[in-house]
Amino acid sequence: MSQDFSREKRLLTPRHFKAVFDSPAGKVPGKNLLLLVRNNDLDHARLGLVIGKKSVKLSVERNRLKRLMRESFRLHQDNLAGWDIVVVARKGLGDIENPELIQHFGKLWKRLARSRPTSEVKTETAGVDSPDA
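Structural notes, computed from the coordinates.

We now examine the pairing of strand E2 (residues 33-39). With respect to burial, E2 is a largely interior element, five of its seven residues being buried. Sheet topology places strand E1 (residues 26-30) next to E2; five bridges connect them, and they run antiparallel. Paired with Pro 29 across the strands is Leu 34, a residue of E2. From the end of E1 to the start of E2, which pair antiparallel, there are two residues, and Asn 32 there has a positive phi angle of about 65 degrees. As paired strands, E2 and strand E4 (residues 83-89) are joined by seven bridges and run antiparallel to one another. The partner of Arg 38 across the bridge, within E4, is Asp 84.

With that out of the way, let us pick up the side chain of Arg 62. Residue placement: Arg 62 occurs in helix H2 (residues 59-76). Glu 61 provides the closest opposite charge to the buried, salt-bridge-free Arg 62, at an N-O distance of 9.8 Å. Excluding residues that lie within four positions of it along the chain, Arg 62 makes contacts with Ile 51, Gly 52, Lys 53, Val 56 and Lys 57.

Its location among the elements puts Leu 112 in helix H3 (residues 98-115). Look at Leu 112 and you get buried, because its relative accessible area is 0%.

Before going further, it helps to examine the sheet that holds E2. Reading across from one edge, E1-E2-E4-E3 is the order of the four strands in this open sheet, with mixed pairing throughout. Because the sheet does not close on itself, it has two edges, and the strands there are E1 and strand E3 (46-50). Strand after strand, the sheet turns through a mean of 20 degrees between neighbouring axes, direction not considered. Those strands touched by H2 are E3 and E4, and its axis lies near 160 degrees from that of E3. Against the sheet, H3 engages E1, E2, E3 and E4, with an angle of about 155 degrees to E1.

Bringing the packing of aromatic side chains into the picture now. A complete count under the given rule lists two aromatic pairs for this structure. Judged by centre distance (5.8 Å) and plane angle (70 degrees), the ring pair of Phe 73 and Trp 109 falls under edge-to-face. Pair noted here: Phe 73 is in helix H2 and Trp 109 is in helix H3, with a separation of 36 residues, a long-range link. Both residues of the pair, Phe 73 and Trp 109, count as buried. With a centroid separation of 5.7 Å and 35 degrees between ring planes, the pair formed by Phe 105 and Trp 109 is classed as tilted. Residue Phe 105 and its partner Trp 109 are located together in helix H3, separated by four residues, close to a single helical turn. We note that Phe 105, like Trp 109, is buried. Three or more aromatic residues joined by ring pairs form one cluster here, namely Phe 73, Phe 105 and Trp 109.

About the thresholds
Residues numbered from 1 in each chain as written. Predicted model: local features only at pLDDT ≥ 70, side-chain atom pairs only at ≥ 80, totals over all residues. Heavy atoms only, no water. Buried < 20%, exposed > 50% of the residue type's maximum accessible area, 1.4 Å probe, protein only. Helix = DSSP H or I, 4+ residues; strand = E, 2+ residues; numbered from the N terminus. Pairing = 2+ DSSP bridges. Lys, Arg positive; Asp, Glu negative; His and termini not counted. Salt bridge = Lys/Arg side-chain N within 4 Å of Asp/Glu carboxyl O. Contact = heavy atoms within 4.5 Å. Axes fitted to C-alpha atoms, helices over the stretch in contact; angles between N-to-C directions. Phe/Tyr/Trp six-rings, centres within 6.5 Å; stacked < 30°, edge-to-face > 60°.

Structure representation (structure tokens):
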């Protein structure tokens, strides 16, 4: 099943996180969080979560946030193929209720998908303008 959230769809090693932090291709700020993105040259997106105790005190809240983020990512991952995405939580994120978080992440994923340069369109228009056409 292509929709599941397996280990290959996660950023797992410090090296993966460091690559995104050191040279992000884009930043998408949100309410109490920041998305850092980088191209990964894969056919699927990968997600990394940074939710520190300083940002969200209670482990119950951190785990709830991770669960919601992963589920939202799983539902939108088809539109995000080719990105490594790191979600950095900020203070106050744990205070937001589930429905609002789900809605907020839906908007963030859509903004991120829209920000992707469409190389397919450029190649098609280049063929139309060529003298051989």
